[in-house]
Amino acid sequence: MADATATTVFLSGDVMPSRGVDQILPHPGDPSLRESYVTDARRYVDLAEAANGPIPYPVEFAWPWGDSLPALDAIAPDVRVINLESSITADGEFAPGKAVHYRMNPDNIGCLTAARPDVCALANNHVLDFGRRGLIDTLDALRGAGLCGAGAGVDIEQARRPAIVTSRGGCRVLIFACGMASSGIPADWAATADRPGICYLPDGSDREASALAGQVRAVKRPGEVVIVSVHWGANWGYQVTRDQVEFGHLLIDAGVDIVHGHSSHHPRPIEIYHDRLVLYGCGDLIDDYEGVGGYERFRDDLRLLYFVSVRPDTGALVSLRMVPVQARNLRLRRASAADAAWLRGTLERISRSFGTRLVLGSDGVLTVGRARATRS
């Protein structure tokens, strides 16, 4: 039974409504790409159709979210936070020195509003793929749609400022967002006093963690929930570095209630530290990787919707529920029982050293518990 006093937050991994996804929406943008092997975004639609059959595009704005929307409505979280890993622009120039560029046509903003996110974390390695003009377009598009961004802005003050959402129960939830060089963010994407950009952390050092912790302590008040959404680490593999662990622990010790990590294309370990949640990698949620080979052993077609419930008075974790979904036809569908079981086994194996165990319910939902830690 749910705790009526808890505040529940929906957290997602990377949402990339660009390239192939943008091309199947009602208003496809310029499909031009400058990738080594693909120069037209429609090629990603072809790959998805070759893998799983025809896509009846143009599709409705809600199409990419598929079965995740009924799941969101059923659980009815107080706050919804996504990592928006794409620019939203029809302008701008391709950022030099990058192998991959993501953009969604602003006329397709309905793809985001369909999921009703309260906050879009923007401090990642794709939000400036089309330069600072593209970033300003992104901020304008979100504002025009009534959506809130965090982690990027017209200057460093705005980029560091937390987004604030008040829950139905009156609890204020503060969301900070930052991105690290380890996720592929160029150093010159950092916002400054007179330059648009993101809240950028070069190496996630103790000094940087302490500075961020100071910002949290300066604004957090009793009864408020604080989330730090951080883009860090490589795309593939289950390894969590010692620096990431220390960074997450320092934030929790400073009063952060949830560390929302992302960048990896598949889920990474889960830790409960001092009764607070650290998600080291939430994986992708929406993308156009369907049919792209090379990393099949990670099952990046399987994704998770994360629902985190915490007590506002203490910040302690009440529950973590995860709904498994699968990407097919560039759309999310509820995962099969076998696939949900695979996710449970994989998450438990990679999280074992953090003392975390996973339970798969008869409803297909994963919940988190604790086992004896083996991490040194």
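Please read these numbers as outputs of a predicted model, since none were measured by experiment. (Residues numbered from 1 in each chain as written. Predicted model: local features only at pLDDT ≥ 70, side-chain atom pairs only at ≥ 80, totals over all residues. Heavy atoms only, no water.)

**Concerning the packing of aromatic side chains**
What characterises a pair of aromatic rings is the spacing of the ring centres plus the angle enclosed by the ring planes.
Inference 1: Applying the stated criterion to the full structure yields nine aromatic pairs.
Inference 2: Clustering of aromatic rings is evident, with ring pairs tying together W232, F247, Y280 and F354.
Inference 3: Across the ring face of Y44, the terminal group of R19 is positioned such that the distance to the ring centre comes to 3.8 Å.
Inference 4: Over the face of the ring belonging to W342 we find R299, whose NZ or CZ atom lies 5.8 Å from the ring centre. (Phe/Tyr/Trp six-rings, centres within 6.5 Å; stacked < 30°, edge-to-face > 60°. Lys NZ or Arg CZ within 6 Å of the ring centre and 35° of its normal.)

**Digging into the packing of helix α7 (residues 206–219) against helix α8 (residues 242–253)**
Inference 1: It is the contact of α7 with α8, at a shortest axis distance of 9 Å, that shows an interaxial angle of 25 degrees. As the angle between them shows, α7 and α8 are arranged roughly parallel. Two packed elements cross with a definite hand, and for α7 against α8 that hand is right-handed. Counting all contacts with α7, which are made through D206, A209, S210, L212 and A213, the residues of α8 involved are E246, F247, L250 and L251.
Inference 2: Looking at the contact of α7 with α8, its residues break down into six nonpolar, one polar and two charged. (Axes fitted to C-alpha atoms, helices over the stretch in contact; angles between N-to-C directions. Helix = DSSP H or I, 4+ residues; strand = E, 2+ residues; numbered from the N terminus. Parallel < 35°, antiparallel > 145°, perpendicular 65-115°, else oblique. Left-handed = near helix turned anticlockwise from the far one by under 90°. Contact = heavy atoms within 4.5 Å. Nonpolar A, V, L, I, M, F, W, Y, C, P; charged D, E, K, R; others polar.)

**Observations concerning unusual backbone geometry**
Inference 1: Here the amide bond leading from Y57 into P58 is cis, since omega sits at 5 degrees, within 30 degrees of zero.
Inference 2: Within the fold, P58 resides in the loop between α2 (42–52) and α3 (68–75).
Inference 3: Look at R116: it is not a glycine, yet its phi comes out positive at around 55 degrees.
Inference 4: Its location among the elements puts R116 in the loop between α4 (110–113) and β5 (119–121).
Inference 5: Residue R116 is classed as partly exposed on the basis of its relative accessible area, which comes to 46%.
Inference 6: Within the chain, N329 stands out as a residue other than glycine whose phi angle is a positive 60 degrees.
Inference 7: Within the fold, N329 resides in the loop between β18 (317–328) and β19 (331–334).
Inference 8: Taking the relative accessible area as the measure of exposure, N329 reaches 7% and is therefore buried. (Buried < 20%, exposed > 50% of the residue type's maximum accessible area, 1.4 Å probe, protein only.)

**Quick word on the pairing of strand β1 (residues 7–15)**
Regular strands have side chains that alternate between both faces of the sheet.
Inference 1: Across the nine residues of β1, nine count as buried, placing the element largely inside the fold.
Inference 2: Judged from the five bridges that link them, β1 and strand β17 (residues 302–310) form a sheet pairing that is antiparallel. Paired with F10 across the bridge in β17 is F307.
Inference 3: With five bridges connecting them, β1 and strand β2 (residues 79–84) associate as parallel partners. By the bridge assignment, L11 is partnered in β2 with V81.
Inference 4: As paired elements, β1 and strand β16 (residues 284–286) share two bridges and run parallel to each other. Paired with D14 across the bridge in β16 is D284. (Pairing = 2+ DSSP bridges.)

**Description of the pattern of salt bridges**
Inference 1: One pass over the structure, following the stated rule, counts 20 salt bridges.
Inference 2: Among the salt bridges present, the one from R42 reaches D40, with a minimum N-O distance of 2.7 Å.
Inference 3: Residue D40 is classed as partly exposed on the basis of its relative accessible area of 24%.
Inference 4: Between R276 and D257 there is a salt bridge whose closest N-O contact spans 3.8 Å. In this pair, R276 sits in strand β15 (residues 276–279) while D257 sits in the loop between α8 and β13 (258–262), placing the two residues 19 residues apart along the sequence.
Inference 5: When its relative accessible area of 1% is taken as the criterion, D257 is described as buried.
Inference 6: Ionic contacts of the salt-bridge type, sharing partners, join the residues R19, E35 and D288 into one network. (Salt bridge = Lys/Arg side-chain N within 4 Å of Asp/Glu carboxyl O.)

**Looking at the pairing of strand β9 (residues 172–180)**
Inference 1: With respect to burial, β9 is a largely interior element, eight of its nine residues being buried.
Inference 2: Where β9 meets strand β12 (residues 225–231), seven bridges bridge the pair, whose relative direction is parallel. Within the sheet, the bridge partner assigned to L174 lies in β12 and is V226.

**A word on the side chain of H231**
Inference 1: Turning to its location among the elements, H231 is positioned in strand β12.
Inference 2: Within the structure, H231 has its side chain in polar contact with the side chain of H262 (distance 2.8 Å).
Inference 3: The contact partners of H231, leaving out residues within four places of it in the chain, are D14, N83, E85, A123, N124, N125, C178, G179, M180, S183, H262 and S263. (Polar contact = N/O pair within 3.5 Å; in protein donor to acceptor, adjacent residues only side chain to side chain.)

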